[in-house]
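Next come the chains, spelled out residue by residue.
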Amino acid sequence: MKIGVLALQGDFALHRQALERVGVESLEVRKPEALTAVDGLIIPGGESTTLLKLMDAWGFVPALERFHGKGKPLFGTCAGLIVLAKEVLNPQQFSLGLIDMTVERNAYGRQKESFEAEGEIALDGEKRAIRMVFIRAPRILRVGETVEPLVIYRGECAMARQGNVLVSAFHPELGDDPTVHGVFTRMVAGRSS
Ligand code: GLN
């Protein structure tokens, strides 16, 4: 099993380190052709407008739609979540629409543009504490009926899954808690085994 990390922009290197911590081989994906070599893909945080421009220039939009159509898992963190969401506000912008949610960019307020917080993650029917780092994070305003919220922070969803798409508003690659990368790894392994 190999997990790709979209390496056009943002903190892809830290995701590779996080995958190494859970014992998974990874690959930096810079061209759509490389998608055939991976079983799942992480879209990292960064700046979603820049990321979208680069994705468009390299032909990643149809390639990721095909990747998703084959049932291969995707995991978007922060800007990656924005790129995968169905509807984006502040301002409205193009997105792949692969997870049914409405998100508002940069929505946690100026004074706490970046902050750490404690939340709860639902894992196999149990709840565990999780430390989260938010950096100019998007806020999930609405989730569709078939979207499963996995982390709740202050009564709002901060991480969710719909089918083979996982998203988090925070940055699980920062810090040394392997929990979230473990969740994605199991999604990918469940598919390729
Ligand atoms: N604020 C960024 C955006 O709107 C996301 C920030 C991040 O990925 N840490 O795209």
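Scroll up a little and you will see the structure.
In short, a report on the structure. (Residues numbered from 1 in each chain as written. Predicted model: local features only at pLDDT ≥ 70, side-chain atom pairs only at ≥ 80, totals over all residues. Heavy atoms only, no water.)

All right, on to the overall build of the protein then. A count of helices and strands for the protein gives 5 helices and 12 strands. The C-alpha atoms of the protein give 15 Å as radius of gyration, which agrees with the globular expectation for 193 residues (16 Å, within 12%). Projected onto its principal axes, the C-alpha positions of the protein cover 40 × 35 × 30 Å. By residue count, 52% of the 193 residues in the protein fall in the buried class. (Helix = DSSP H or I, 4+ residues; strand = E, 2+ residues; numbered from the N terminus. Rg over C-alpha atoms; globule rule 2.2 N^0.38 Å. Buried < 20%, exposed > 50% of the residue type's maximum accessible area, 1.4 Å probe, protein only.)

Let's shift gears to the site of the ligand. Lining the immediate surroundings of the ligand are Gly-45, Gly-46, Glu-47, Ser-48, Cys-78, Ala-79, Ile-82, Arg-105, Asn-106, Ile-135, Arg-136 and His-171. The backbone of Ile-135 places a nitrogen or oxygen atom 2.9 Å from a nitrogen atom of the ligand. Computed on the free molecule, the ligand has an accessible area of 300 Å², of which 97% lies beneath the protein chains in the complex. Partitioned by chemical class, the residues of the shell around the ligand number 4 nonpolar, 5 polar and 3 charged. (Near = heavy atom within 4 Å. Polar contact = N/O pair within 3.5 Å; in protein donor to acceptor, adjacent residues only side chain to side chain. Areas by Shrake-Rupley, 256 points an atom, 1.4 Å probe, with all protein chains shown as cover. Nonpolar A, V, L, I, M, F, W, Y, C, P; charged D, E, K, R; others polar.)

Before going further, it helps to examine unusual backbone geometry. Put simply, Asn-90 and Pro-91 share a cis peptide bond, and its omega is -15 degrees. Within the element layout of this structure, Pro-91 appears in the loop between strand 5 (85-89) and strand 6 (99-104). Phi angles above zero are rare outside glycine, and Cys-78 is one such case at about 55 degrees. Following the sequence through the fold, Cys-78 ends up in the loop between strand 4 (74-77) and helix 4 (79-84). Backbone geometry at Asn-106 places phi at a positive 45 degrees, although glycine is not the residue there. Its location among the elements puts Asn-106 in the loop between strand 6 and strand 7 (114-123).

This part is about the pairing of strand 11 (residues 156-162). For strand 11, the tally of buried residues reaches 5 of 7 residues, placing the bulk of the element in the interior. What sits between strand 10 (residues 148-153) and strand 11 in their antiparallel hairpin is a turn of 2 residues, with Arg-154 showing a positive phi close to 50 degrees. With 4 bridges connecting them, strand 11 and strand 12 (residues 165-168) associate as antiparallel partners. Along strand 12, the bridge assignment pairs Ala-160 with Val-167. Here strand 11 hands over to strand 12 after 2 residues, with Gly-163 in that stretch at a positive phi of 60 degrees. (Pairing = 2+ DSSP bridges.)

The subject of this paragraph is helix 1 (residues 12-21). Along helix 1, the residues classified as buried are Phe-12, His-15, Ala-18 and Leu-19. Looking straight down helix 1, one finds that the buried residues subtend no more than 110 degrees of arc, so they occupy a single side. Of the residues one or two after helix 1, Gly-23 is the one with positive phi, at around 75 degrees. (Arc of directions from axis to C-beta.)

Next up on the list: the sheet that holds strand 1 (residues 2-6). On the basis of which strands lie adjacent, the open sheet formed by 9 strands has the order 2-1-3-4-12-11-10-7-8 and mixed pairing. With partners counted over all chains shown, the strands left at the sheet margins are strand 2 (25-29) and strand 8 (126-135), one partner each. Shown here is a sheet whose adjacent strand axes are inclined to one another by a mean of 25 degrees, direction ignored. Those strands touched by helix 1 are strand 1, strand 2, strand 3 (40-43) and strand 4, and its axis lies near 160 degrees from that of strand 1. (Axes fitted to C-alpha atoms, helices over the stretch in contact; angles between N-to-C directions. Contact = heavy atoms within 4.5 Å.)

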